[in-house]
Every structure is written in C-alpha cells, then in structure tokens.
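# Breakdown of the fold
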Amino acid sequence: MADAPEITRASDAEGFLPGPLGLRLDEEFLPLTALNAKPEVLDSLLPFGRMHQDGATFLLRLWPGTIWSSGPLSAGSYRAADIGHGLTRFRLRGVEALHFLDHYTCATLFAPHIRQARCIRTRLGGHDATLWWHNTRDVHAVVYRSAAQSFADHLRALALRHDPADPSTYPRPVNPGAPDRRG
Amino acid sequence: MLLIPCPHCGLREESEFTYGGPCRDLPALDGQSDAGTWSQAFHMGKNPRGPLRELWYHSSGCEAWIEVTRDTASHEIIPGGQT
Amino acid sequence: MRRLPAGGLIDRSQTLHFTFDGEMMTGHPGDTLASALLAGGRHLVARSLKYHRPRGIMSAGLEEPSAMVTVRDETGSTPNLKVTEVPLREGLQVSSQNALPSLEKDRAAALGLMGKTISAGFYYKTFMWPQGAWHQRFARLIRQAAGHGKVDPSPDPALYDKRRKSCDVLVIGSGPAGLSAAVTAAQSGATVILMEQDHVLGGSLLSSDATLQGLSAQDWAEDAEEALRVLSNVTVMPRTLAFGQYDHGLVQAVETLPEGSSCQAVFWKIRAKRILLAAGAIERPLVFPGNDRPGIMLAGAVRSYIRRFAVAPGRSAVVAVADPQERADTVAALREAGISIAADLPAGARLLATQGKRHLTGLAWRDAQGRKQRTPCDLLAMSAGWMPTAHLFAQMGERLSFSDQTQSLLPPETDGPLRPIGGARAVLDSADCIADGKAAAHQAMAELEMHKHLNLSRPSPAPASAEVFAAGKGKAFVDFQNDVTRDDVALAQREGYRDVELTKRYTTLGMGSDQGKTSWTNGVLEIAALSGREAAEIGHTTYRPPYSPVSLGALVGAGTGMQMTPILRTPFHSGFEKLGCVFQTSGDWLYSRYFPQPGETMAQAIEREARAVRSSLGCVDMSTLGKIDVQGSDALEFLSRLYCNNFAAIKPGRLRYALMLREDGYVFDDGTIACLGAEHFLVTATTANAGSVWRHMQKCAQVEWPELDVSLTDVSDHWASLAIAGPNARKLLEALGPDFEASRQAFPFAAVREGQLDGLPARVFSVSFSGELSYEINVPAGFAEALLARVMERGAEWNITPYGLETLDVLRIEKGHLSVGTEIDGRRTPGDLGMGGMVSKKKDFLGRALLQRPGLQAEGREQLVGLVPEDGSTIIPYAAHLSDSELDAKGCAATIGHLTAAIESPSLGHPIALGFLRDGRNRIGDVLWAHSPVAGASVRVRVTAPCFYDPEGERLHG
C-alpha cells in the first residue's frame, strides 16, 4: 500500500511577475474545510466578514452560513465538507501588492471596513477571488482550482501594464500639514 | 452599472451579482395541483414603472440571495429584507 | 511661419518634427497638431463629408467638427482624430481624409455643385431603382464618395488596461470652477480625483487675461495646482477624458498615457459619492452663408491659439462676436499678436457671404444702416454665445431646458450625484466660476457630512448678449461635420419632420462623431424660427456616451486573445498534454478533444478511440461536471422537491439518475444523486449547467424552503473525475488496489464506494455515459496526475485508450443519452425525451404544476427519436430538418422536426442521428426526408427508437 502521493500544483505561478512592480506570485496548497451551520451558530465562532489566524488555526467567515477552516477543527455542531483541493491559494507579495489588486477588484480594498477586516470575497477580472492579508505587502488570494492558471496568467498580463513611477500605484508624499486621508 | 446593497457585505458593484428576476410570490410547493394559479403567478408578473421587488444572488461575494427594491425608471435602490 | 516670437505654454527649446500629407513640418512640446499646423501656415486640413468643401480648424477643443485626420505612429494608424485633440509628438505622420486625389484638388468637390439635389434626406428619395443595383453599385459609390478615415487593419501592438478607483469627490475639468472645487473639497478632507482631458490643467485660464485674486489667470491656476500637489488625498489625472456618467455615481474615462509608458491608454471606472462637472462651455458658431471656410474660427479658439500656443491664426481679422466683453477680449488678443483688425462688426450687422476657395479671403456684409460692405480678411473670429457642456449630466436622462435668458440648453437643479458647476451651468466669468466651484464643493461636503453647511450662494448663469447678428440667404451651415445647412432644416420642417427627433434623423443634424457639439443649439433655434415655435418647446434629443470618441482598445483593456475571459482547465490538463491531447474550448473550459497517434487524422482517432472503449478499455475526463455536497436531516426531502423522479428509497452506497425541471415544467438539467449516508448526498449537474444548478439550489435552500435543515457545498473543483469504460473496466479497477470489494455482485451498477485505491483517497461511482461497463473514479484534484499515471500504467495491459469530447459524444449518441444544448434545449418535457414514465405521480416537486398544462401534455408533441438512412449508407446531414415532403421549387418544405446529433457510427458501421419529430414515438418505422439547405443535402431516413447500441443495456453490468 503506497502512501498518498504529492499534491500537484494547479498553476505554473512561481516567483516574480513580469514588469517593474517587483511583485511575487506563488502557489501554496491550503487544506480547507467548509463548515456549514445556521448564521447564529457560526456567529459564536467568528462574526460575518472577519478572519482569524491563531497559529495553525485559520478561520474565514465571508458567508452567512459557512466558515472556511484550516488546521484543527473546533468542536461544534457544523456540517463539514472538504474543499481544499477545489481551491488554489496564491500569495502575492511586494510593497504594492494590495494596491495593485485594488485597481482590478470590483470592491474597493481600501474602504474603511475592509481595511479593518483585512478580508473580502469579490471579483477580479472575471474571477471570483477570496482575499485576506495580515499586511498589505502579503496578500492571500484564493480562486477556484479550474481557474488557477487563468488567474495567474491574468495577473501576469496586468503586471506588465504598469510603470515604475506610476503615481497611482505608489503612495504620494504627504505634506506635514495635510489633513488625514479619509476612506 | 448599479451599486447593490448586500445586507451582509454592504454596497457592492452589480458585476458581483447575478440577477434573479422579480419576486414572484409563487404558491407553496404543495399547491401544485392548480396549473392556472401557478401560471398566473409565474407568467403574469407585474412590470411597473416604479419600485419593483426583485432578487439578486451575490455570486462573487457572500453567495446569499438578497431582495432589493429598485425603481425601474430611476434605478434608485431601496434595500429590502434579507431573504 | 505664424509662430509669435514670445509667450505660449510651449517649450521652444525643443523642436518636434511631423509630416502632413507628406510635407515636413515642425512644432514644440505643448503644441497640439492644430496649433502646429496653424503655426506652419496650413489652414486647409480636411474636406467635408458630403459636399467635399475645403475645411480648416474652427475650434481649439474636442468640439472640432471638421478638422479630422488620420495619424500614424509606431503602433499603427488611427483615423478620425481631431487635430485639436492630438498633442504633438516627434515623428507623427498625419494625413488628410475623404479627398481624392488630394486635399487641394478633391474631385468630389463637384458634388458641391449638386447642392440642391443632394440636400437632406435625398437618399430616401433616390437610389431606389433598379433594386438589385443597391449593393453592387450604389452602396459602393456612396461609400467612396462620403466617409471619413480608413481603419488600420493591422493588429494593434499597443497594450491597454482597465482599472477602477473610488473617491469621495470627483471633479471633471480643471478650469477655474474645477480647480476651485477640487481645492475646497480636498482641504476639507475628502478624497478627491481631479480629472482633465487636456494634458495640462487650467482649462479656460490658459488663454485668459483676467486678474483673479490679484494674480494672472495662469498664476492663479499654478497656485491651485500646487495646493493640490501637496495633499495626499488628491489624485490628479490629466490626459483623462471622462466620457460617460452611469448609475450610482459611476463615471467612465479613458486616460491616454505619456510616451514611453507600458500602456497606450487606460480605461477607468471611477465611483464617486459626488461628481462636480466643471467641463466648461462650448462656443456657438454663427450661422451665415459660407460660414465654413478655412480661416473662420470660434473667437475663444482664436484667443487660445494666440495666448496659449503663441500662434497667429491669420494676418487680418474680422471680429463677429455678440458679447461685448468677449469682443473686447478678442480684439485685445488680436492686437497682442500683431494681427490687424479689418472690421469689428457692430450689433445688428448682417453677414451675407464669404469669399475664398481654399481659404477665407473676404467677408460681404451689411452694416446696421443697411450699407453693403466688403472686407478683405483671412481670419474671422465668430461667436454667438456659449453652450454649457452638460453632456455627462444629460446622459442620465434628465432633460436640459432651453433658457431664453442664456440662449442655451441649461441643466436643471438636481440632487443626483453629478452636479454641473461653472461653465457647465452657464456661469462664464472666471471669478464667478471660482466662487461657484467653492460653493458647490462645500455643498457636496455638507451632504457627505464631512463639513458643516455654509450655504454659500451660487453665482447665476450669465445672460446672453442681447446683440445678435443676422444672416443673408445662401448655404449656411448648421452642422459642419454632416454638412447640414439651414435650408436642410427648413426642408425637414416643410416635409413634416418637425419633431426634434425626426429633424435630427432626416437631416442627420448632430449625428456625426462630434455628436452635434457645435450644432445642436443652433439646430434648436433654427427649428424654432422656421416652425414658429418657442425654442423651449423644441426640446432636444438623447445624449449618449461617449462624450467624444474613445479607443476601442482601451475599452477592452487587457482582455484580448486568450485573456478575453477566464479559461478553465481540468486537473488532468498537464497529464493529457503529455499524452499528445488536442484541446478545444468548450464553453469556459479547455477540454480534451481527442488523442491522435502520430499521423492520425481526427476522424481516424475518433474511430480508434471508440472501438477501443467498446472492445476493451478507455478513459475520459469527467471533471467538469458540477458536484454539490448536500447534507442535513432534510437533505433527501430537499432533493426530492428539486427532481421530478422518485428516489425516496435510495440507500447509502446507491445512486440514481435524476431529472430536474424548471418551474415552468421543462427539463432543466440531468445528473446523478449518490447517497453517501442517510443525511449525506453527492449530486452531479451537467458541465454547462453547473453554475445555474448551484445558484438554483442555493435559492431553494435560502429563499423557497429556509425551514429545511440542509447544507450545500460546491465541490465541483475539489474532485477530479476520470471515467474508465469498456468490458475490461472492472479488471482495471481491481488492479488499482481498492480497499473495498469491486466484484459485480459487491459493486453493482448505479452504486458508489468510498475508500482508497492503493493509498489514493477515492470515491468510485458505477455510472455509464458510454453504455459500457464504466466507473467514474473521483480523487481530490491534487491527486489527479497520480491517478492518471496509475491508470495509464496499469491499464496498458488492456491497451487503455484515453479519449476526449469527440468520442465521448459519439458513444453517447449511439446510446441515445441526452446532452445539454442538443436534446435538453429548454423546450422539452420529460415526456418529449422519452422519460415521461420517470415523473413521480406521488410527490410534489418544482415544475409539477406547470408541467400539467394541457400544451405540455398534448398528443403529437415533438418527441426524441433515432434516425438511420433508408439506404443504410448515405450520411445524414447534421442540423437537418425533418419533413414528410420533398423540397419544392423554391427549396422549401414543411418542417416537422429537426436533428440534434448526426454521426457515422463506428460501432454500428453506418450513419445514425438523433432528433425531435412531431408525434415521433408513433412514427417508428416511417420513412421521411431530412433536408439541410445549408449543406445542400436531402436524405431519405427511417425513424427508429433513439438507442442504437445495446438497447437492453446489458453491457453496463460487465
């Protein structure tokens, strides 16, 4: 009886994207389980719109009736279904990683409540994308496995279309007396 | 392109949603014997120039089916109940 | 050379070279093509659309109606660019359009002599006979005689992008109102985007000699720009044209990037809470005979060329400006440039005619006393007033109303997100605009609750000058781009096309690419005067985006070629590539099509693959099916309501084929329901309907029956699925090392087993689409390659043959199995498909009520049948219609059905087809015609049952 073999990758994403922004895109398998229960039940684990990372335990609640869970499962009356192989987790890393994505996502990643929650499910270039980040330079992006290669190709094509001194991708210098940035 | 108020996610772009048609208030499933009543509810929907209750599915967001009231002439949207 | 020795916002230290119709010319950074052409003394730049009249540069902005050229640069050539909108760059090759053989000697100018015959609407009254000549002769002639530039057919090498931004306040336009509004909003803490279509900020301030707050107009603008530059909450977007307003505060714009950028242009979608439209106003031309000659310009454009570009557009000028202040400003500018004033027309003057062929040489007019005058000149600066550029406001459907006071179409007060300010609401004085911008910005900030209400007063719109000019009789142009004259508008009124929408379409007034920017207000005034109505009664036509033509490439962004839509790949993709698979796109998927061996054609590959499956063993990718995990104490009840057949007694380890109807009773989808436990099911849906079935199930669980205890999880991509099919399938299954019993008795047809295959976690379903003994092996997608490798290795013993979509289809057609889009086309009931007996009579399910409608239960409906050629060998044409009769003399026959599939069957050795035939099941054995006018074939066919191969289904059990 052989052991379960290696999990093959869904895309060829590895290392720097082309173009001057110095962004890296890498694929890292993430075991994930969908926990389904009534919203009130899930609220006691994690409120809607939030993410929680505690060592190996990762929870993401972007659906009223479902939590994504990675790592040891908490006790509770949920229905579980394994979904990890159906999703591909990418990491986009670089100084302007979140700003870069913000150009293309349907939802504004820098809206106040999203900046606070640091997680969102939205649409990017025709792909449904689930995003979370602990800091804006290291963004996790999860897409359906069947779209993984397409998503990586898309980010490559977009990265090519930026210029190093593009003022809209870099934060502008702040005058000491300038008012606080709102929103 | 509209901005649609998802009761869970907040105001989001129309392209995150799939349109689900007007709310039709169909008879209960066990009232299946009457094709006439079902046909009336299913086919003869109202088509107002004004507020219309309708369903949208937040396919690229929280995947919830939501109800909004949209004015068909001005596209003003009044958030409806969570379904 | 007409360049002034000093002044202008140009960089004289650099010289840029370009060509116009082959002639070398020069200019400076800061020039537009228009200013560079004028500086080089070139006035004739185009020929008009219909009459091929010589045309020059009338304006200094996007409203330019006549001066359109084709510009070639390193990316290719772009037609129909206005010389006023193209910033000068090194190496541009500019050519005129619509003139043969040349701009100077255009042959088609003879059309001008036919004036009266080719007036408005002439094509509705001509070119009617002979009817057949339209396409071959008339259309081609007309295309050659009239038209603008030619499209460059070579592929565009430039890159484009599509991006999004959002902000609190978007200010469109950077003249005095826009700059003032942007500074006010930004200093109050709003996130501000200031958008300007020109490559420098300042708008009308760039050519103004006003003094504002103690500074020159240009210095005031500089200060405002500096104030914005230091704020981190402001984004300035020059070279960005806001071309449309859409719902809920969305503005779409195209940014043209500077030379050397990665992208040529970026299409922006901007969401703003408040949009201040500071797009200024467009000057209104005078309508008088011969008002279209090169050298006749809008007064504001004359001032702009002199002050901003340091170009003298002429040597001797006539000034015909209604407003006294503007007249004085124009005279002052002309004097600054050393241009002599040949005449400064007084109020009440009547303009009679202009002289000059390719350039203005003189004006004939009557003074206020009625004396006839003839003034030689080479420049005429004209203005009838100003028209607010409120287009983006009007695009949302609110009507503008004609104001007698301002003699222009004005936007009403509004509480929508977009507010016109400054010139866009007819506030013209620069100081007033500054005040208007500030007041509007404060208003917006108060509404956004970012500032307290200041209730600053808004300056009133400027009244039009009471002074007007009159005109004599003759060809007086109202719409320069489409060559629409005053007489054409009069003709439309006489012939009854009096409504503004009809006048527009009959005369083509305002229908050119300039969308009537310089012509519509004059058009409304003409219609009113000629029909004896008030201008306010006339109304206006619909404003639509884009405000000015924008690049199609930009609208597409990065989505070209393979990037157009996401392409989905199965987990077996790379494994199949190594096996030499030929792929094809099928919907969103890149699917395995066939696996040719060296030297094989597709037909040969299909034949080999099909034979291999029927005689031994094949494998095919089934991963694209939708797969939904259904759990809960009400899971079975939930599924029972969704599917029309009865499976209440299903036990763990078994599966059932299931048919889902739409609410209207027609078949929606088919799939399998596998029972993994009393409260756990795995449901499949077809590839094409995977998304819709998922949405539908979600709707039923959330909206229709929220009281049911059921949880749904989409696991479509989680499971890779490889079907092994053929008489040797069970032998291969056993060779894969299952940790469950795989014998015929232990693992019968229509069952499911969970476990491991030599350490690979797996679920195996005994189902068959091919009609052979078959197992669909599901493994988590990351193990797909491992599974494929083992299947190919251990299956070699039985000559395992991978197959794709083509063979998959051939096999299922031989069995009469249904496919979505062909048999399941949304118009069929279960009865039509031969599955009427499956429909449960006991339970309630979606679609049951409307399935009972008499029409869906009637006799004689189109029913699924099989067809074979009567002579046993003639190929049945795909997509043929079925008929009882031959084609008649006209090639027609009454259709009683159509084919959904037609192949040459490898297993049977003759052609077969599937299709729908009226009352089909009662006609088995009948012989009919199958007609395909497209293929030019008619074949005699005999009706059979729809299953050709192993009709008893014995091979399923192996």
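Values in this document were obtained by computation on a predicted structure and should not be read as measured data.

### Details of the overall build of chain C
For chain C, the count of helices and strands is 23 helices and 50 strands. Dimensions of chain C along its principal axes, counting C-alpha atoms only, are 110 × 70 × 55 Å. Taking the contacts inside chain C whose residues are at least 6 apart along the sequence as the reference set, 66% of them involve residues at least 24 apart. Per element, the accessible surface of chain C, about 37400 Å² overall, is 52% carbon and sulfur. When the 98 basic and 106 acidic side-chain charges of chain C are each reduced to a single mean position, those positions are 6 Å apart.

### A short note on the environment of Ala109 of chain C
Residues and elements named next belong to chain C. Looking at the element boundaries, Ala109 is found in the loop between β7 (92-95) and α2 (122-125). Sequence separation between Ala109 and Phe749 is 640 residues, and the spatial gap between their C-alpha atoms is 82 Å. With near-sequence residues (within four places) excluded, Ala109 lies in contact with Arg47, Tyr51 and His52.

### Structural notes on the interface of chain C and chain A
Counting residues at the interface gives 59 residues for chain C and 52 residues for chain A. Buried area between chain C and chain A, both sides added, is near 4400 Å², and the carbon and sulfur share of it is 50%. Contact with chain A buries area across many residues of chain C, yet Arg164, Ser232 and His718 of chain C alone supply 14% of it, more than any other trio. The tally of links from chain C across to chain A stands at 1 salt bridge. For Asp709 of chain C, the salt bridge identified is with Arg79 of chain A, shortest N-O distance 2.7 Å. The interface formed by chain C and chain A holds 24 residue pairs in polar contact (both at pLDDT 80 or more) in total. Put simply, the parts of the chain that give the side of chain C that touches chain A at least two residues each are β8 (159-172), α4 (176-187), α5 (217-229), β15 (263-277), β31 (568-569), β35 (626-631), β39 (711-714) and α20 (784-795) of chain C. Considering each element in turn, the side of chain C that touches chain A owes the most residues, 9 residues, to β8 of chain C. Each residue belonging to the side of chain C that touches chain A can be placed in one class, and the counts come to 25 nonpolar, 19 polar and 15 charged.

### So, the pattern of salt bridges
A side chain with one charge may pair with a side chain of the opposite charge, provided their charged atoms come close. Scanning the entire structure with this criterion turns up 69 salt bridges over all chains. The residue Arg121 of chain A makes a salt bridge to Asp128 of chain A at a minimum N-O spacing of 3.6 Å. Accessibility classification places Arg121 of chain A together with Asp128 of chain A in one group, the buried group. Here Asp844 of chain C makes a salt bridge to Arg848 of chain C, at a shortest N to O gap of 3.0 Å. Counted as one network, the salt bridges with shared partners bring together Asp209, Arg303, Arg307, Glu326, Asp329 and Glu336 of chain C.

### A few points about the nonpolar core
All names here are of chain C. Core analysis: the largest hydrophobic core is formed by 72 residues, its most contacted members being Phe18, Leu33, Ile57, Phe288, Leu345, Leu363 and Leu380. Sorting elements by how many residues they give to this core places helix α1 (residues 33-39) first, with 6 residues. If you count residues domain by domain, this core takes at least three from each of domain 1 (16-105) and domain 3 (469-533). Not counting residues up to four positions away in its chain, the partners in contact with Leu33 are Phe18, Val69, Val71, Val83, Val86, Leu88 and Val94. Core analysis: the second largest hydrophobic core is formed by 52 residues, Leu170, Val251, Leu418 and Tyr547 among them.

### Observations concerning the side chain of Lys82 of chain C
Within the fold, Lys82 of chain C resides in strand β6 (residues 76-82). Side chain to side chain, Lys82 of chain C and Ser548 of chain C meet in a polar contact 3.2 Å long.

### Comments concerning the state of the cysteines
Two cysteines form a disulfide when their sulfur atoms are joined by a covalent bond. All names here are of chain B. According to the stated counting rule, one finds 0 disulfides over all chains in the structure shown. Here Cys6 is not cross-linked by a disulfide; its sulfur's nearest cysteine counterpart is in Cys62, at 3.6 Å. Judged by relative accessible area, which is 4%, Cys6 ranks as buried.

### Let's talk about the packing of helix α6 (residues 299-307) of chain C against helix α7 (residues 324-336) of chain C
All names here are of chain C. At a minimum axis distance of 9 Å, the contact between α6 and α7 shows a crossing angle of 30°. The element α6 and its partner α7 pack so that their crossing is left-handed. Where α6 approaches α7, its residues Ala299, Gly300, Val302, Arg303, Ile306 and Arg307 are matched on the opposing element by Glu326, Asp329, Thr330, Ala332, Ala333, Leu334 and Glu336.

### What to know about α6 of chain C
Within α6 of chain C, 9 of the 9 residues are buried, which leaves it mostly tucked inside the rest of the structure. Inspection of α6 of chain C places Ala299, Gly300, Ala301, Val302, Arg303, Ser304, Tyr305, Ile306 and Arg307 of chain C among the buried residues, and these make up the whole buried set.

### Some points on the interface of chain C and chain B
Contacts between chain C and chain B engage 25 residues on the former and 28 residues on the latter. Of all residues in chain C, His248, Arg271 and Arg695 of chain C give up the largest surface area on contact with chain B, accounting jointly for 23% of the area buried on that side. A salt bridge links Glu663 of chain C to Arg24 of chain B; the shortest N-O distance between them is 3.1 Å. Summed over the shared surface of chain C and chain B, the result is 13 residue pairs in polar contact (both at pLDDT 80 or more). Counting only elements with at least two residues in the side of chain C that touches chain B, the list comes to β15, α18 (690-704) and α22 (848-851) of chain C. The leading source of residues in the side of chain C that touches chain B is α18 of chain C, at 6 residues. Broken down by class, the residue content of the side of chain C that touches chain B amounts to 9 nonpolar, 4 polar and 12 charged.

### Let's talk about the environment of Gln53 of chain A
All names here are of chain A. Tracing the chain through its elements places Gln53 in strand β3 (residues 50-54). The partly exposed category is assigned to Gln53, whose relative accessible area is 39%. Taking the C-alpha atoms as reference, Gln53 lies 9.4 Å from Ser70; in sequence the two are 17 residues apart. Setting aside its immediate chain neighbours within four residues, Gln53 contacts Phe58 and His134. A distance of 3.2 Å separates a polar side-chain atom of Gln53 from the backbone oxygen of Gly55. Polar contacts involving the side chain of Gln53 include one to the side chain of His134, which spans 3.4 Å.

### Things to note about the packing of aromatic side chains
Within the structure shown, the criterion is met by 16 aromatic pairs over all chains. Relative to Phe747 of chain C, the ring of Phe740 of chain C has its centre 5.9 Å away and its plane inclined at 85°; by these criteria the two rings are edge-to-face. On the basis of relative accessible area, Phe747 of chain C is assigned to the buried category, the value being 1%. Taken together, Phe17, Tyr19 and Trp56 of chain B form an aromatic cluster joined through their ring pairs. Positioned above the aromatic ring of Tyr949 of chain C, the side-chain terminus of Arg614 of chain C is 3.9 Å from the ring centre.

### With respect to the sheet that holds strand β28 (residues 470-471) of chain C
All names here are of chain C. If you walk across this open sheet you meet the 4 strands as β22-β21-β20-β28, and the pairing is mixed. Edge positions in the open sheet fall to β22 (372-376) and β28, since each of these has one partner strand only. Note that strand β20 (residues 350-355) and β28 share 2 bridges and pair parallel. The partner of Leu351 across the bridge, within β28, is Ala471.

### Re the side chain of Thr240 of chain C
Residues and elements named next belong to chain C. For Thr240, the location among the structural elements is in strand β13 (residues 240-246). For Thr240, a relative accessible area of 1% puts it in the buried group. Setting aside its immediate chain neighbours within four residues, Thr240 contacts Met195, Glu196, Gln197, Ala253, Val254 and Glu255.

### Focus: the packing of helix α16 (residues 602-615) of chain C against helix α21 (residues 805-815) of chain C
All names here are of chain C. It is at 9 Å that the axes of α16 and α21 come closest, and there the two elements cross at 55°. As summarised for this structure, α16 and α21 are arranged oblique, according to the angle between their axes. Handedness of the crossing formed by α16 with α21: right-handed. Residue-level inspection shows Met602, Ile606, Glu609, Ala610, Val613 and Arg614 of α16 in contact with α21, the latter providing Glu806, Thr807, Val810, Leu811, Glu814 and Lys815.

### Considerations on the sheet that holds strand β32 (residues 582-586) of chain C
All names here are of chain C. Here we have 3 strands laid out as an open sheet, ordered β31-β33-β32, and mixed in their pairing. Each edge of the open sheet carries a strand with a single partner, namely β31 and β32. Pairing of β32 with strand β33 (residues 589-594), which is carried by 5 bridges, proceeds in the antiparallel orientation. Following the sheet pairing, Phe583 is matched in β33 by Ser592. The sheet contacts of α21 involve β32 and β33, and relative to β33 the element is tilted by about 70°.

### Points about the domain arrangement of chain C
Residue and element names in this part refer to chain C. Looking at the assigned domains, one finds that chain C contains domain 1 (16-105), domain 2 (158-283 + 386-463 + 542-561), domain 3 (469-533), domain 4 (568-624 + 718-812), domain 5 (626-714) and domain 6 (859-958). With centres defined by C-alpha atoms, the gap from domain 4 to domain 5 works out at 25 Å. Between domain 4 and domain 5, the contact holds 17 residues from the first and 12 residues from the second. Buried surface at the junction of domain 4 and domain 5, both sides included, amounts to about 1100 Å², of which 59% is carbon and sulfur. Among the secondary structure elements, those contributing two or more residues to the side of domain 4 that touches domain 5 are β40 (719-725), β41 (752-757) and β42 (760-765). Among the elements that take part in the side of domain 4 that touches domain 5, β41 stands out by supplying 3 residues, more than any other. Taken together, the residues of the side of domain 4 that touches domain 5 sort by class into 9 nonpolar, 5 polar and 3 charged.

Basis of the calculations
Residues numbered from 1 in each chain as written. Chains lettered and ligands numbered in written order. Predicted model: local features only at pLDDT ≥ 70, side-chain atom pairs only at ≥ 80, totals over all residues. Heavy atoms only, no water. Helix = DSSP H or I, 4+ residues; strand = E, 2+ residues; numbered from the N terminus. Contact = heavy atoms within 4.5 Å. Areas by Shrake-Rupley, 256 points an atom, 1.4 Å probe, with all protein chains shown as cover. Lys, Arg positive; Asp, Glu negative; His and termini not counted. Charge placed at Lys NZ, Arg CZ, Asp CG, Glu CD. Buried area = accessible area lost by both parts, 1.4 Å probe. Salt bridge = Lys/Arg side-chain N within 4 Å of Asp/Glu carboxyl O. Polar contact = N/O pair within 3.5 Å; in protein donor to acceptor, adjacent residues only side chain to side chain. Nonpolar A, V, L, I, M, F, W, Y, C, P; charged D, E, K, R; others polar. Buried < 20%, exposed > 50% of the residue type's maximum accessible area, 1.4 Å probe, protein only. Core = buried A, V, L, I, M, F, W, Y, C linked by side-chain atoms within 4.5 Å. Domains from an automatic or database assignment. Disulfide = S-S within 2.5 Å. Axes fitted to C-alpha atoms, helices over the stretch in contact; angles between N-to-C directions. Left-handed = near helix turned anticlockwise from the far one by under 90°. Phe/Tyr/Trp six-rings, centres within 6.5 Å; stacked < 30°, edge-to-face > 60°. Lys NZ or Arg CZ within 6 Å of the ring centre and 35° of its normal. Pairing = 2+ DSSP bridges. Parallel < 35°, antiparallel > 145°, perpendicular 65-115°, else oblique.

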